[in-house]
Amino acid sequence: MANSAIILDESFNDSHAALWFIEPAGFTALPLDALLPSPDTQAAERLRVAVAPLLDIAADDVARQQFIAQFAMAQRLMAALRETGTVHCSLGLHRDDVSEVSSGGGSAPLFSLFTVSWRDIAVAPRGVTAARAVALGEERGRGRVEFVELPCGPATFSETVSTPAVDSGLPQRPLLQVHAHLPHPDCRRLAVLTLTTTAPGRRDEYRAILRLIAGSAGFENPLPTDVRDACGNTFARQDSGG
């Protein structure tokens, strides 16, 4: 870990951002806006141009139609996430080191989905909001509830295990969801960090990952103003081709 580096995404300098956090290696951010453009817009045309090479290399029309169907299903999933307040989504891909060691051979990779969502809430002290977030979920089978004090303030963690609805189009496999509830200092909003995986047997490892992300989270830009300005100018030059 001594050689680990933090790579700044240009979104860190977004004037509309309300939450900053560190995402561990193995996660790739999915650009929700770019993947869900409005019809007949420049964004839609850019998406068409980006996807065209993937369709061109398809082996035949059947493979092409399968790709289109899978892509459309992914768009529906992301649209549903955005409708529920999701502002960030990342796909995780990691080696299953535990299985590799125990079996002495290779193992299938582990997939996960990390999301950040915002919820409007009734005004209340942050500790009360954090507790309510998990108390209201007890009837839905929420378990392993934990109340903690993070650098950004009070927070709660919880877990759920469920199987997708038959008509959802998703594989009928148990899904583990680990949640972190972080009340905003304005006491009017709640940030919900969720890590979903098809490997419920790795619940401790995924909970540790979410603890790491939540522990790095903050509601104010952590970089000094001069560093923000310098990095912002660098991104601006890159965007302009300089």
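The following paragraphs examine the structure supplied in this document. If you're wondering where the values come from, they're calculated on a predicted model, not measured in any experiment. (Residues numbered from 1 in each chain as written. Predicted model: local features only at pLDDT ≥ 70, side-chain atom pairs only at ≥ 80, totals over all residues. Heavy atoms only, no water.)

## Quick notes on the pairing of strand β3 (residues 110–120)
Residues in a regular strand project their side chains so that they alternate between the two faces of the sheet. Sheet topology places strand β2 (residues 86–94) next to β3; eight bridges connect them, and they run antiparallel. Opposite Leu-91, over in β3, you have Leu-113 as the bridge partner. Here nine bridges tie β3 to strand β7 (residues 189–197), and the two strands are oriented antiparallel to one another. Within the sheet, the bridge partner assigned to Leu-113 lies in β7 and is Thr-196. (Pairing = 2+ DSSP bridges. Helix = DSSP H or I, 4+ residues; strand = E, 2+ residues; numbered from the N terminus.)

## Side note on unusual backbone geometry
Its identity is not glycine, yet Asp-40 carries a phi of approximately 60 degrees, on the positive side. Mapping Asp-40 onto the fold places it in the loop between α1 (32–35) and α2 (42–56). Since its relative accessible area comes to 79%, Asp-40 is described here as exposed. Despite not being glycine, Cys-187 shows a phi value in the positive range, around 65 degrees. (Buried < 20%, exposed > 50% of the residue type's maximum accessible area, 1.4 Å probe, protein only.)

## Brief notes about helix α3 (residues 61–83)
Taking 1.5 Å per residue as the helical rise, α3 with its 23 residues ought to reach 33 Å, and the 33 Å between its terminal C-alpha atoms agrees with that figure. Two or three places before Val-62, at the start of α3, stands the capping residue Asp-60, its side-chain oxygen 3.1 Å from that residue's backbone nitrogen. Count one or two residues on from α3 and you reach Gly-85, which has phi positive near 95 degrees. (Expected span 1.5 Å × (residues − 1). Polar contact = N/O pair within 3.5 Å; in protein donor to acceptor, adjacent residues only side chain to side chain.)

## Quick look at the pattern of salt bridges
Under the defined criterion, the tally for this structure stands at 11 salt bridges. Glu-159 is paired through a salt bridge with Arg-203; the nearest N and O atoms lie 2.8 Å apart. Taken together, the residues span a long stretch of sequence, with Glu-159 in strand β5 (residues 153–162) and Arg-203 in helix α6 (residues 203–216) at a distance of 44 residues. For Arg-203, a relative accessible area of 27% translates into the label partly exposed. The partner of Arg-207 in a salt bridge is Glu-159, with the nearest N and O atoms 2.9 Å apart. Placement of Arg-207 in helix α6 and of Glu-159 in strand β5 is noted, with a sequence separation of 48 residues between them. Taken as a pair, Arg-207 and Glu-159 share a single burial class, namely buried. When salt bridges with common partners are traced through the structure, they connect Arg-144, Glu-146, Glu-159, Arg-203, Asp-204, Arg-207 and Arg-211 into a single cluster. (Salt bridge = Lys/Arg side-chain N within 4 Å of Asp/Glu carboxyl O.)

## Digging into the nonpolar core
Leu-19, Phe-114, Leu-182, Leu-193 and Leu-210 are the most contacted members of the largest nonpolar core, which has 27 residues in total. Of all the elements in the fold, those that place two or more residues in this core are β3, β4 (143–150), β5, β6 (175–183), β7 and α6. Sorting elements by how many residues they give to this core places α6 first, with five residues. For Leu-182, the residues in contact, after removing those within four places along its chain, are Cys-152, Pro-154, Ala-155, Leu-190, Ala-191, Ala-214, Ala-217 and Phe-219. Formed by eight residues, the second largest nonpolar core is a distinct cluster that contains Leu-32, Met-78, Leu-81 and Cys-89. (Core = buried A, V, L, I, M, F, W, Y, C linked by side-chain atoms within 4.5 Å. Contact = heavy atoms within 4.5 Å.)

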